[in-house]
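# Reading the structure
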Amino acid sequence: MRRFVLSKWAKTVAVLRSSVVRPYIPATRVMTKDSLLAMLSKYKMVYVKPDNGTFGNGVMRVDYEAGKVQAYRYHHRTKVRKFARFDDLYISLKAETRGRKYLVQKGIRMLKHHNNPFDLRVMVQTNLSGNWETTGIIGRVAHPTKIVTNYHNGGKLRSVEALLSPYLKKEERLRFEARLSKLGLDIAKAMKARYPGIVEVGVDVAVDHQLHPWVLEVNTRPDPYIFRALKDKRIFAKVLRYRRNNRL
């Protein structure tokens, strides 16, 4: 049985089968010229990402602003390119993808920490009793010059409390964390239904300005070591204990 699923598209298809999870999944399609144009026209901002990729490598943000001479632009790594015509944008994007399969996903305008967007990693693991358990949640803040939040791509690790306190009172934040914990469990169950060999998932969640969580990606080989950054060392200890048990 497969423990690891690399394809982002396969994982998206798997979680969309769950009616409980579906409201939290941004519109996502395999990228073609037509799908990119349709998504960009509808949402004005989208992310294109490699179907197989890690650490945020290859992810690009694409924006459309009607009325501007250079209405189209994309941000890749630290560079921004602008275009007057969609066809020119697409040609440039295709050159960046180098023939690989890419997805286009509705862009989420994320909450920010010190003017930099952040998302949240929800860790869900099979515990020592063989049941799913949410073992940790940690925030990842994007580097000022980049669009991705990944720690391996310059992102900074922060506690959920530090990131959400400006937006939620303590009681509200605790309820929101409980909501994220349940969402992680629901995602894990949806993935397990399709891929029975999976024993842990890391769920990347963006939060928009209406405080709605959006699942950006599901990782079946999540990095446990980012949880070392949390002040409460019991969290990392549990994450690592479950990881080692699941690898036996």
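Throughout what follows, the structure given in this document is the object of discussion.

Rules used throughout
Residues numbered from 1 in each chain as written. Predicted model: local features only at pLDDT ≥ 70, side-chain atom pairs only at ≥ 80, totals over all residues. Heavy atoms only, no water. Helix = DSSP H or I, 4+ residues; strand = E, 2+ residues; numbered from the N terminus. Rg over C-alpha atoms; globule rule 2.2 N^0.38 Å. Buried < 20%, exposed > 50% of the residue type's maximum accessible area, 1.4 Å probe, protein only. Contact = heavy atoms within 4.5 Å. Salt bridge = Lys/Arg side-chain N within 4 Å of Asp/Glu carboxyl O. Axes fitted to C-alpha atoms, helices over the stretch in contact; angles between N-to-C directions. Parallel < 35°, antiparallel > 145°, perpendicular 65-115°, else oblique. Left-handed = near helix turned anticlockwise from the far one by under 90°. Nonpolar A, V, L, I, M, F, W, Y, C, P; charged D, E, K, R; others polar.

## Some points on the overall build of the protein chain
For the protein chain, the helix and strand inventory stands at 6 helices and 12 strands. Whereas a compact globule of 248 residues would reach a radius of gyration of roughly 18 Å, the protein chain reaches 18 Å, a difference of no more than 12%. Considering only C-alpha atoms, the protein chain reaches an extent of 60 × 40 × 30 Å along its principal axes. When the 248 residues of the protein chain are sorted by exposure, 52% land in the buried category. In the protein chain, the share of contacts with a sequence separation of at least 24, taken over all contacts with a separation of at least 6, comes to 60%.

## Focus on the pattern of salt bridges
Oppositely charged side chains can pair when the atoms bearing their charge come close. Taken as a whole and assessed by the stated rule, the structure comprises 17 salt bridges. Glu 65 is the salt-bridge partner of Lys 68, the closest N and O atoms lying 3.6 Å from each other. By relative accessible area, Lys 68 is classed as partly exposed at 46%. The closest approach of N and O atoms between Arg 243 and Glu 200, which form a salt bridge, is 2.6 Å. Here Glu 200 lies in strand S11 (residues 200-207) and Arg 243 lies in helix H6 (residues 233-246), a separation of 43 residues in the sequence. One continuous salt-bridge network, built from bridges that share partners, spans Lys 33, Arg 85, Asp 87 and Asp 88.

## Digging into the packing of helix H2 (residues 33-43) against helix H3 (residues 86-97)
The relative placement of two packed helices comes down to the angle between their axes together with the axis-to-axis distance. The contact between H2 and H3 brings their axes to 11 Å, and the two run at 120 degrees. Looking at the two axes, H2 sits oblique to H3. Every pair of crossing elements has a handedness; the one defined by H2 and H3 is right-handed. Note on element contacts: H3 touches H2 through Phe 86, Asp 87, Leu 89, Tyr 90 and Leu 93, opposite Lys 33, Leu 36, Leu 37 and Leu 40. Across the contact of H2 with H3, the residue classes break down as 7 nonpolar, no polar and 2 charged.

Treat this as a map of the structure, not an account of what it does.
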